[in-house]
Amino acid sequence: MMTLNIGLVGTGWFSKMHAEILSKIEDVNISGICGSSQVKADKMAQQFSSAKGYESIHTLLEDQKLDALYICVPPFAHGEIELAAVEHNIPFFVEKPLSTDLQTPSLILDAIKNKNLITSVGYHFRYHDSAQRAKLLLQEQTIGMSLGYWMGNMPGVYWWRKQDGSGGQFVEQTTHIVDLLRYLVGDVKEVYAAFSNRVLHEKETGVDVADVGTVTMKMENGSVATISNTCILPAGGKNGLHIYTDQGVLEVDQGNLIETAVGRKTEYKNQSNPYETETNAFLHALRTGDTSGILSTYADAWKSQQVAVAANESAKSGKPVIL
């Protein structure tokens, strides 16, 4: 089996998590790590004997012969990195969201299509056993409506509280629920959103993102959906998606699936690590060209980004957005 040389961009939690998974896989070599500074890149590279630190994506790609790139950067930092990878014909895995807007991902998507590159996006909820079980059950059910939620507090990183840094909670966090909705229920055709600033702009400095919001959607299959989120909770929180059908209710979250039907209630627990599953699918595609295990390509993830950005547009204009 050939050794795959992998580069990583980003030195935060997600990059370190992916690096740890990759470092334990046979015939995978972490060749280079690119950070926002040489100091950060070198510090993370020191944890892996084969890795070298870089401050510039262009220097990394010119210096190393990579088989793939993992991109784990804040929403505002997307664009140049992906386009550089495409220019060098390097397949890439990128963490969500794709950007703060839709313009940047659209440029990247066009570039990918011209090169026909293998891509994967870190919508790991799709890889949960609970999501796979729900998808199987829904094949024999008629969906009426879906209710999604992401309820929590505000992350402490500086860029998250800025609209031009994160895109807001619906783009940065709740996109997971949007994508899970699309994966299990189908595509969205119309979006109407109502957001508000209730608490955080008075408690924290530099906050211009909405801290509560509700988004109503019309789905292509005729069902309706609502996803709500907030980041005002003092601690903790939860997220998930409830799907109401002619046979009962499916409650999907990161940990399990609860199926409620007439006369019974069944719980399915996740058994596998979704981050490992998505990585194995991507590496398999690199080795064989078989992309069937990749559940979220860049082209598919673009549609989830489209919905999230449309929610921001609707909240600002007060009008529905037709996709």
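Bear in mind the structure is a predicted one, so any value in this text is a computation, not a measurement.

Parameters at a glance
Numbers given for residues are sequential positions, taken from 1 along each chain in its written order. Thresholds applied to this predicted model are a pLDDT of at least 70 for local features of residues and 80 or more for the giving and counting of side-chain atom pairs; totals over whole chains, interfaces and linings are not thresholded and use all residues. By convention in this description, side-chain values take in all heavy atoms of the structure and omit both hydrogens and water. Only DSSP runs of H or I reaching four residues or more are called helices, and only runs of E reaching two or more are called strands; each is numbered from the N terminus. Under the convention used throughout, the expected extent of a helix is 1.5 Å for every residue step, that is, one less than its residue count. Under the scheme applied here, a residue whose accessible area is under 20% of the maximum for its type counts as buried, over 50% as exposed, and between as partly exposed, the area being computed with a 1.4 Å probe on protein chains only. Contact between two residues is taken to exist if any of their heavy atoms lie within 4.5 Å; hydrogens are not considered. The definition of a polar contact used here is a pair of N or O atoms within 3.5 Å, where within protein one atom must be able to donate a hydrogen and the other to accept one, and adjacent residues in sequence count solely through side-chain atom pairs. DSSP bridges decide pairing: two strands pair if at least two such bridges lie between them. Note on definitions: angles span 0 to 180 degrees between N-to-C directions of axes, and those axes are lines fitted to C-alpha atoms, for helices only across the stretch in contact. Any carboxyl oxygen of Asp or Glu within 4 Å of a side-chain nitrogen of Lys or Arg constitutes a salt bridge here. In this scheme, patches are assembled from residues that exceed 30% relative accessible area and form no salt bridge. Like charges are connected within 9 Å, while nonpolar side chains (Val, Leu, Ile, Met, Phe, Trp, Tyr) are connected within 5 Å. All accessible-area figures derive from a Shrake-Rupley calculation using a 1.4 Å probe, and residue coverage is judged against the displayed protein chains alone. Centres within 6.5 Å make a pair out of two Phe, Tyr or Trp rings, where for Trp the six-membered ring is used; the pair is then stacked when the planes are under 30 degrees apart, edge-to-face when over 60, and tilted otherwise.

Asker: Even after reading the chapter, I still don't get helix α11 (residues 274-288), so can you show me in this structure?
Answerer: Because each turn of an α-helix spans 3.6 residues, side chains separated by three or four positions end up pointing in the same direction. Given a rise of 1.5 Å per residue, 15 residues ought to cover 21 Å, and the 21 Å separating the end C-alpha atoms of α11 matches this to within 8%. Listing the buried residues of α11 in full gives P274, Y275, E278, T279, A281, F282, L283, A285 and L286. The inward-facing, buried residues of α11 contact β1 (4-9), α1 (13-23), β2 (28-34), β4 (68-71), β5 (92-94) and β6 (119-121). The opening residue of α11, the one whose side-chain oxygen lies 2.9 Å from the backbone nitrogen of Y275, is N273. G289 occupies a position one or two residues after α11 and carries a positive phi of about 85°.

Asker: Explanation requested: the sheet that holds β1 in the structure shown.
Answerer: Consider a sheet: its strands pair through backbone hydrogen bonds, and that pairing is either parallel or antiparallel. Pairing is parallel in the open sheet, where six strands are placed in the order β3-β2-β1-β4-β5-β6. Bordering the open sheet on either side are β3 (52-54) and β6, each of which pairs with just one other strand. Taken over all neighbouring pairs, the strand axes of this sheet differ in orientation by 20° on average, direction set aside. As judged from the three bridges shared by β4 and β5, these two strands associate in the parallel manner. Counterpart to I71 in the pairing with β5 is V94. Against the sheet, helix α2 (residues 38-45) contacts β2 and β3, and its axis sits at roughly 160° relative to β3.

Asker: Hey, could you run me through the pattern of salt bridges in this one?
Answerer: As a working rule, side chains carrying opposite charge can pair if their charged atoms are close by. Following the criterion strictly, the structure yields 13 salt bridges and no others. One salt bridge in this structure joins E267 and K269, with 3.3 Å as the shortest N-O distance. The partly exposed category is assigned to E267, whose relative accessible area is 44%. Since its relative accessible area comes to 52%, K269 is described here as exposed. The structure contains a network of salt bridges with shared partners spanning R126, D179, R182, D187, D300 and K303.

Asker: Is there a simple way to think about a nonpolar patch on the surface in this case?
Answerer: Nonpolar side chains collect at one region of the surface, where M145, L147 and V224 lie side by side and expose about 210 Å² of accessible area between them. By secondary structure assignment, the location of M145 is in strand β7 (residues 143-151).

Asker: Please clarify how the packing of aromatic side chains should be interpreted in this entry.
Answerer: Any pair of aromatic rings gets described here by the distance separating the centres and the angle formed by the planes. The tally for this structure, following the rule as stated, stands at eight aromatic pairs. Aromatic pair F92 and Y298: ring centres 6.0 Å apart, planes at 80°, arrangement edge-to-face. Here the residue F92 occupies a position in strand β5, and Y298 occupies one in helix α12 (residues 298-317), the gap between them amounting to 206 residues. Seen in terms of ring centroids, F170 and F195 are 6.2 Å apart; in terms of plane orientation they differ by 45°. Their pairing is tilted. With a gap of 25 residues between them, F170 in helix α8 (residues 169-172) and F195 in strand β8 (residues 188-196) connect regions that are remote in the sequence. According to the relative accessible area criterion, F170 is buried, its value standing at 2%.

Asker: What should I look at first to understand the sheet that holds strand β15 (residues 321-322) in this one?
Answerer: Read from one edge to the other, the open sheet built from nine strands follows the order β14-β13-β12-β11-β7-β10-β9-β8-β15, with strand pairing classed as mixed. Among the strands making up the open sheet, the edge pair consists of β14 (264-269) and β15. Sheet analysis places β7 next to strand β10 (residues 224-230), joined by seven bridges and oriented parallel. Bridge pairing links Y149 to S228 in β10. Packed on one face of the sheet, helix α9 (residues 175-184) meets β7, β8, β9 (212-219), β10, β11 (238-245) and β12 (248-252) and runs near 25° to β11. The strands touched by α12 are β8, β9 and β15; relative to β8, the strand with the most contacts, the crossing angle is about 50°.

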